[in-house]
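Topology and contacts: notes
Read off the chains here:
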Amino acid sequence: MHRRFALRVAAAAAACLLAGCITRSGDEPDFPAPLSDSACPDLSGSFALQADPGSQDRFGDSTYMHELKAPATVFSQFDSGGYAMTTVFHRDRAEFEAAVARFREQSPAAYAAWRQKALATFDPMRGALKVRKELPFAELTRLGPVPEWGAHGGKGHCRDGWWVRDGDHATDIAMTRDVRGGLLVRREKTERKVIGLWAETGAGIPYAIHIHSTWSRHAQVEVPPFWTPTAQNLPIDDRVREAADPDGWLRRNEDPRITDLRIRARKLMGPDAQLLNFHREQDYVLFTGTVPDRAAVDTLLGALKAQPDVGSATLEHTMAMSFGRVRFVIHVRLRA
């Protein structure tokens with residue numbers, strides 16, 4: 001009985017196909033022709049998020065925009081192997097830098113925590129620099145603005161020169177490259193009308209299938225330069241300098257001269273440096289940190305001695321670090 005029923009279902013489905021119950025709508029705009037109608041396309045590259053005139057749809061799921069917390073202008077795609085895609089959305093560089101400046105001004109404590117995480121993630125001393133397709137900014141989204149955001153996923157297969165997303169979706173997405181290097185995106189929304197057989201599942205025999213296609217084209221653009229956080233492009237707000245020191249290396253001092261000198265000493269160190277300690281130890285101030293090279297130590301020592309409230313500054317110890325950097329220990333004595 002089950003076999004006869006299955007045969008009747010198959011026969012009805014075949015009759016639907018033979019009777020031409022599958023209809024289509026949505027003509028492709030006058031876009032450049034696909035690069036190939038048979039070879040699997042190479043979708044790697046960077047493209048303008050704003051679709052070309054004549055496009056009927058836009059690329060970019062609202063989830064990406066929510067995670068980025070800002071509008072994107074460019075997206076990049078990377079082949080992750082096995083027909084899987086990684087997509088990264090990029091903010092405009094000037095817009096992102098303006099957002100960082102607002103963040104620093106409006107939320108100095110939150111900015112300090114975000115800055116510390118950014119610098120720790122990309123500290124060349126730790127070898128933690130990432131490449132774009134590894135989505136290095138994902139963790140920073142919980143703390144503040146990020147210049148780009150993306151996601152792995154999007155497995156697909158090749159069909160007639162198009163990459164087609166895998167899965168049972170009401171709307172299928174297909175992409176290919178055109179003869180001018182652009183990215184063609186086609187969405188096909190399938191609507192099925194069926195003769196119901198099982199009310200609880202909604203399953204049945206299709207008697208009409210309609211596929212509506214929409215198209216968009218995205219021009220190839222230059223990949224935005226990779227933004228690497230540094231002490232130079234992420235200045236710390238003096239109002240919350242202590243907030244960037246969760247380990248307590250910096251200490252508040254009752255003597256206001258030490259607090260003031262600490263701020264000046266940090267500026268004298270230059271952008272590519274790190275202040276570790278600056279606090280009173282008996283009759284002197286212990287000053288330790290790291291700078292790019294030995295010449296920077298000598299320059300810092302000379303600048304300290306020139307400060308009007310400094311009686312003496314003595315270099316007690318230096319230690320060579322990776323990439324030519326130097327860690328130093330200086331004893332500073334204030335004028336009476």
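Here's what I pulled together on the structure shown here. From a predicted model like this one, the values you see are computed outputs, not experimental measurements.

This part takes up the side chain of Arg115. You can see Arg115 is positioned in helix H4 (residues 108–121). If we ignore the near neighbours within four places in the chain, the residues touching Arg115 are Ala231, Leu234, Pro235 and Ile236.

Our next topic: the environment of Gly154. With respect to the helices and strands, Gly154 occurs in the loop between strand S5 (148–151) and strand S6 (156–159). C-alpha of Gly154 to C-alpha of Tyr83: the two residues are 71 residues apart in sequence and 8.3 Å apart in space. Sequence-distant contacts of Gly154, defined by excluding residues within four places in its chain, comprise Tyr83, Ala84, Met85 and Trp163.

The next thing to look at is the sheet that holds S5. Across the sheet, four strands lie side by side as S2-S3-S4-S5; this open sheet has antiparallel pairing. If you trace the sheet from one side to the other, it starts and ends with strand S2 (45–48) and S5, each paired once. Across this sheet, the average inter-strand angle for adjacent strands is 25°, counted without regard to direction. Bridge count for strand S4 (residues 84–90) against S5 is four bridges, and the pairing is antiparallel. Paired with Phe89 across the strands is Trp149, a residue of S5.

Residues Trp114, Met175, Leu183 and Leu234 are the most contacted members of the largest nonpolar core, which totals 27 residues. The set of elements that each furnish at least two residues to this core consists of S4, helix H3 (93–106), H4, S5, strand S8 (171–177) and strand S9 (183–198). Judged by nonpolar contacts, the second largest core, of 22 residues, contains Ala265, Phe287, Val310 and Val332.

Conventions and cut-offs
- Residues numbered from 1 in each chain as written.
- Predicted model: local features only at pLDDT ≥ 70, side-chain atom pairs only at ≥ 80, totals over all residues.
- Heavy atoms only, no water.
- Helix = DSSP H or I, 4+ residues; strand = E, 2+ residues; numbered from the N terminus.
- Contact = heavy atoms within 4.5 Å.
- Pairing = 2+ DSSP bridges.
- Axes fitted to C-alpha atoms, helices over the stretch in contact; angles between N-to-C directions.
- Core = buried A, V, L, I, M, F, W, Y, C linked by side-chain atoms within 4.5 Å.
- Buried < 20%, exposed > 50% of the residue type's maximum accessible area, 1.4 Å probe, protein only.

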